[in-house]
Amino acid sequence: MNAFEYRNGELHAEDCALNALAEEYGTPLYVYSRTHFEHQYRRLAAALKDADPLLCYSVKGCSTGAILELFRGMGAGLDVVSGGELFRGLRAGFDAEKIVFAGVGKTVDEIRYAIEQGVGFFTVESEPELERIAHVEGELKKSARVAIRVNPDIDPGTHEYTCTGKGDTKFGVDPATARRLSLRAIEHDALRLVGLHTHLGSPLMSVDPYEKALEVIRPLCRELKERGPHFRRLDLGGGLGIPYRPEEEPFDLDRFAKMANAAVGELGLQLVLEPGRFLSGGAGVLLTRVQYVKPHPSKTFLIGDAAMNDLLRPALYDAWHGVNAVRQTGETVCGDLVGPVCETGDFLARDRELPAAEAGDLLAVMNAGAYGYTMASNYNSRPRPAEVLVEGSSARLIRRRETWDDLVRGEE
Ligand SMILES: Cc1ncc(COP(=O)(O)O)c(C=O)c1O
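Residues numbered from 1 in each chain as written. Predicted model: local features only at pLDDT ≥ 70, side-chain atom pairs only at ≥ 80, totals over all residues. Heavy atoms only, no water.

The protein chain has the name Diaminopimelate decarboxylase in an unreviewed UniProt entry, where Kiritimatiella glycovorans is given as its organism. In its Subunit (unreviewed entry) section, UniProt records this for the protein chain: "Homodimer." (UniProt positions renumbered as here; feature names shortened; annotations may be inferred.)

Draft legend 1. A look at the layout of surface pockets. Put simply, the largest pocket is a space of about 780 Å³. Here the residues of the lining of the largest pocket sort into twelve nonpolar, 13 polar and eleven charged. Looking at which domains feed residues into the lining of the largest pocket, each of domain 1 (4-32 + 281-408) and domain 2 (103-273) gives three or more. Of the pockets and cavities examined, the second largest pocket occupies roughly 660 Å³. The wall of the second largest pocket is formed by 26 residues, among which M1, N2, P243, G282 and N367 lie closest to the centre. (1 Å grid on protein atoms, 1.4 Å probe; cavity = no way out; pocket = protein on both sides within 12 Å on 5 of 7 lines; lining within 4 Å. Points joined across faces, edges and corners; volume = space filled by probe spheres on them. Nonpolar A, V, L, I, M, F, W, Y, C, P; charged D, E, K, R; others polar. Domains from an automatic or database assignment.)

Draft legend 2. Here's a closer look at the site of the ligand. Among the 13 residues in the neighbourhood of the ligand, the closest are listed as S202, G239, E274, R277 and Y371. Between the ligand and D79, the relevant distance is 3.3 Å, taken from a nitrogen atom to a side-chain nitrogen or oxygen of the residue. Within the side chain of S202, one N or O atom sits 2.4 Å away from an oxygen atom of the ligand. With the chains in place, 91% of the 390 Å² that the ligand exposes on its own is no longer accessible. Counting atoms within 2 Å of the grid points, the majority share of the ligand lands in the largest pocket. Tallied by class, residues from the shell around the ligand come to two nonpolar, six polar and five charged. (Near = heavy atom within 4 Å. Polar contact = N/O pair within 3.5 Å; in protein donor to acceptor, adjacent residues only side chain to side chain. Areas by Shrake-Rupley, 256 points an atom, 1.4 Å probe, with all protein chains shown as cover. Sits in = over half its atoms within 2 Å of the grid points.)

See the structure below:
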């Protein structure tokens, strides 16, 4: 489904004209489609229904409270990687049992908070972390549930910064260590081993890396299921990709579901998934208003009011986002869409055919719903944008635009 479509030459989010939203809420502005979030979640849940999965929406993708509440309403769990994300999830009314806590650097305070709240399980990334969890658990006299994160040493074909499944990254432990730590957790009075976890990277456009990871993990699952009285989950992480470029094929959800359903069926385990981008990426656009058109001998710079501080992915990963004119003209220009930040790396699109725009025109940076607002910062003392959630013909502000006062709040 495409929630962002042209009607009479005007780009809409569902039934709302983006131009009208920009007039009302200002720019830069994140606009999300509720229907798109729901559609993606239901597609995934339907494809995996045979596995009776726990779908833990990955908070880091898009973490605004209204959006978390939307996922809670559909029955999702959450994948969190910090005490702050856990706080957000609980505040949005999630049942702690349905929250999984990942991340290589969990502090004692975060572990304590998570155990006190009763999170579903920790995905454990190292031996010292396992010991720390056991220690805190001992203090609190509660039982901590853990799933060891296996690093299967597989190249998922992502940007190197978002590859987490290769052996030389900081994530998880090799299969032999995972086995040893799992057996230790089974024997430890303070711990309950509830499953194994892996997450290969993001975004994955092919199912192949998941299949390779399963080959590595499957024998370990079989052994641990026999030996661990509480071992009942296989968590394949997130990473399911979305097409950013027009020529990219969508992620093969049917093939993925067939593989995952078969694997957990054969192993007698429950499937856990931690999708972020797949659920939220296509649900959002970032609107930017062109301030200046700056000609240059080799290209044209469209200078908008959104910058790398609002959407970091192009600057950080050289990520590609489609750029559409909100009012379609069909005319194009070759150049860059840049922002006002004082960095040459401040671009949202580079050396591309872009809509020919004039000062005052609105552009939509597409597929900005995942790792957009959550990675935004105040760099160059720029207040962060507002966020609006659209449903049919109604739109609602779900986060107000920051002000200059917000920039200095908390300073002493
Ligand atoms: C452990 C873990 N799970 C899930 C995700 C979500 O990934 P994606 O948004 O690609 O689904 C990430 C992303 O970094 C992650 O590190």
